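Topology and contacts: notes
Here's the letter readout for the chains.
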Amino acid sequence: MHRAARRIVFAVIRCGLASRLVGGLASLDRRRGLHLRGLLAAVTHRHVDHTEFWNEAIKRFPDDAEFMRRKVQAALQSGRIADADSALGWLMNARACKAADARFVIGLTHADMRTGDAANIRRRVRSFLASLRGMRDYRIAAVRLSRVIFAHFPARPDGSIRSSALRSRFQTMLAKAPLKREPRKLLDRSASCEAALERMYPHCFFQTDVAPEQRRAFISLVRARVALQQPFSFVRIGDGEAACLPYEPRLAAHAPTDARDRERIWWGEALKPGMSDQTAPRIARAMLDADCIGLPTTARFLRELNLQREDTLETSLTGRGLRCILYCSERLAELRSPGLPPPILTSCHLHQDLALWDCYEELLDGVKEIVLVSCHPGLADWIGKRFGSKIAGNVVLPPDKVSAPLLRSRVRETRKLPEILDAVIEEMGDLPRGRLVLVGAGYPGKLLTGIARERGGIALDLGSIFDYWLGLNTRSYLDLDPV
C-alpha cells in the first residue's frame, strides 16, 4: 500500500497535476498554498537552495513557526549555517520547538565540529532543551540528542567511556522519556544485540561517534595492517545492503520487492532478470566474511524511529532494511563462513565519524601508495594534494543515480556498475597487493572491497566520504556537516 501510494504521488508530480492543484489551493488559502508550493519544490528540485523561498514566505507570515522550521531545513541542506542557526534561534526564543527539531541541533553541531566551536555546540544544546523545559517533548528531545550530549558533555575529562557505561547512561535516559512501547522495544533489542556481540567478540567499536579511543583503535589497526602489508577488509552494512541478506521471517515476503525498489533508487531501474541472483550471494559473502564489519548501531535506529508513535520500522524500505541487518547481526556467527578469525565490529557510520572528528589525516599520514575505486575522475588529484599520497591506481566507475546529478565530470560508461562488475574486477588486477585500497562504490563496492582483500590489499569501504571530500552533498546533514 505504501509503495503504491508513493508511486502515485510521484506520478502526479511528474505530470504537473500537483502544481496545478497547489496553484488552485493558493487562491483559496494563501498560507497553505504557499506551504505546499515549498514542499513540492523541495521534492521536484532536491539539489536547489530553497532558503529564499521560505524567507519570502516568512515576510508574508512573520509569526509562522512552520515556515521558520522549513527555513532551517532548507538552509541546513544548502550549507547556509548562519541562516539555519538564526532561524532555529527564533524557534527557541518563541518556545515553538518540537522534539523533532533536535535534528536541526544535530546538523548545526556537525557544522560547528568543522570549525572546532565546542562552546557553541554546548550553548545550543542547553538553549534548545531549555526552550522545551516543562513540555512533554523535553525528555524525547534529550533522547534524540543523546549522542551529541555524550560526545560534547563527556563524563570524564579525556572523553573516554566504556561501552557498557554509555549504554547504561542511554538506558537511563530512555527510562525517563515518554516513548511509545514499540520504538522502546526496538531500541532495547538493538542495545542488547550490541552487548551480546561485545561479549562474543573482543574487538567492538560501536561508539566511534562519541568515543575517541575507539576511533584511535580503528586507525591504529588499519595503519598496522598497511605497515605489515597484511590483507584486510572493512565493509559497511547499511539498510540498503538488506538487498542481499535474509529478512526476519515475518517480513520475508517484502524482501524481493524491496530489493527491486533499492535497485531503482540506485540505478533508475531494476536489474535484468538473473543479474541480481548472480551478484547478491557474492556481495553478501564479501560483507559477512570481512575482517571488519560496520553495522547499524542503536544510534542509527534512534535516528530512524518515531519515538512518539508505535513505530516498528516495518512500513518503510529503510526501516525494513535496518530490521533485516539487526536480524542478521543477531545471527552473525551463523552467517559467517566457518573457520574465519573473529571479526572486528564497528558502526556502519564509522567513515562519517572519522570525517566529523577530522581523523583522516591521521589515518592516511605516511601512506605511500593508494589505490582508488570510485565514480570520481578527479578524486585522485584531490587526495594527492590533500594527503600527499601517491595514487598507484584509479579505477573509475559509472556513477549511481544519487551521485550522477551532482558530478561535474561524468564517466562515459553508460552501463550500470553491476553490468560491468566482472570487467571492473579484471581492471583492478594486481593493483591492491600490499597497498591501501579506498573504495566508494555503493552496494557493489562491498564485493570490490572483498576482491581487493583477496588480492592482498588493505581495503576500506568509505562510500560517500568521497562525495563529501569533493564538496558534493549526497548525504543528509544528520550524517555530515553541509559543504
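Only a predicted model underlies this, so the values are computations on that prediction, with no experimental measurement involved.

All right, on to the packing of helix α14 (residues 255-267) against helix α17 (residues 317-329) then. As a packed pair, α14 and α17 sit with axes 11 Å apart at the nearest point and diverge in direction by 120°. When you trace α14 past α17, the crossing you get is left-handed. Of the residues in α17, those touching α14 at D258, D261, R262 and I265 are L317, R320 and G321.

Another point: the state of the cysteines. Under the criterion given, the structure shown has 0 disulfides. Free of any disulfide, C324 has its nearest neighbouring cysteine sulfur in C328, separated by 4.3 Å.

A few words now on the environment of M68. The residue M68 is located in helix α5 (residues 65-77) in this model. Along the sequence, M68 and W54 sit 14 residues apart, while their C-alpha atoms lie 7.4 Å from each other. The contact partners of M68, leaving out residues within four places of it in the chain, are I58, A87, W90 and L91.

Right, let's get into the side chain of H110. Along the chain, H110 falls in helix α7 (residues 102-115). Residue H110 is classed as buried on the basis of its relative accessible area of 8%. Setting aside residues no more than four positions away along its own chain, H110 makes contact with L356, Y477, L478, D479, L480 and D481.

Rules behind the numbers
Numbering of residues starts from 1 in each chain and follows the order in which that chain's sequence is written. Restriction of local features to residues with pLDDT of at least 70 applies here, the model being predicted, together with a cutoff of 80 or more for giving and counting side-chain atom pairs; totals for whole chains, interfaces and linings are based on all residues. In computing side-chain properties, one takes all heavy atoms of the structure into account and sets aside hydrogens as well as water. Angles shown run from 0 to 180 degrees and are taken between the N-to-C directions of axes, each axis being a line fitted to C-alpha atoms and, for helices, limited to the stretch in contact. Numbering of helices and strands starts at the N terminus; helices are DSSP runs of H or I of at least 4 residues and strands are runs of E of at least 2. In this scheme the handedness of a crossing depends on how the near helix is turned from the far one: anticlockwise by less than a right angle means left-handed, clockwise means right-handed. Residue contacts are counted whenever heavy atoms from the two residues lie within 4.5 Å of one another. Criterion for a disulfide: a pair of cysteine sulfur atoms at a distance within 2.5 Å. Relative accessibility thresholds used throughout: buried, under 20% of the residue-type maximum; exposed, over 50%; partly exposed, between the two (1.4 Å probe, protein chains only).

Limitation: the analysis is restricted to geometry and does not speak to function.
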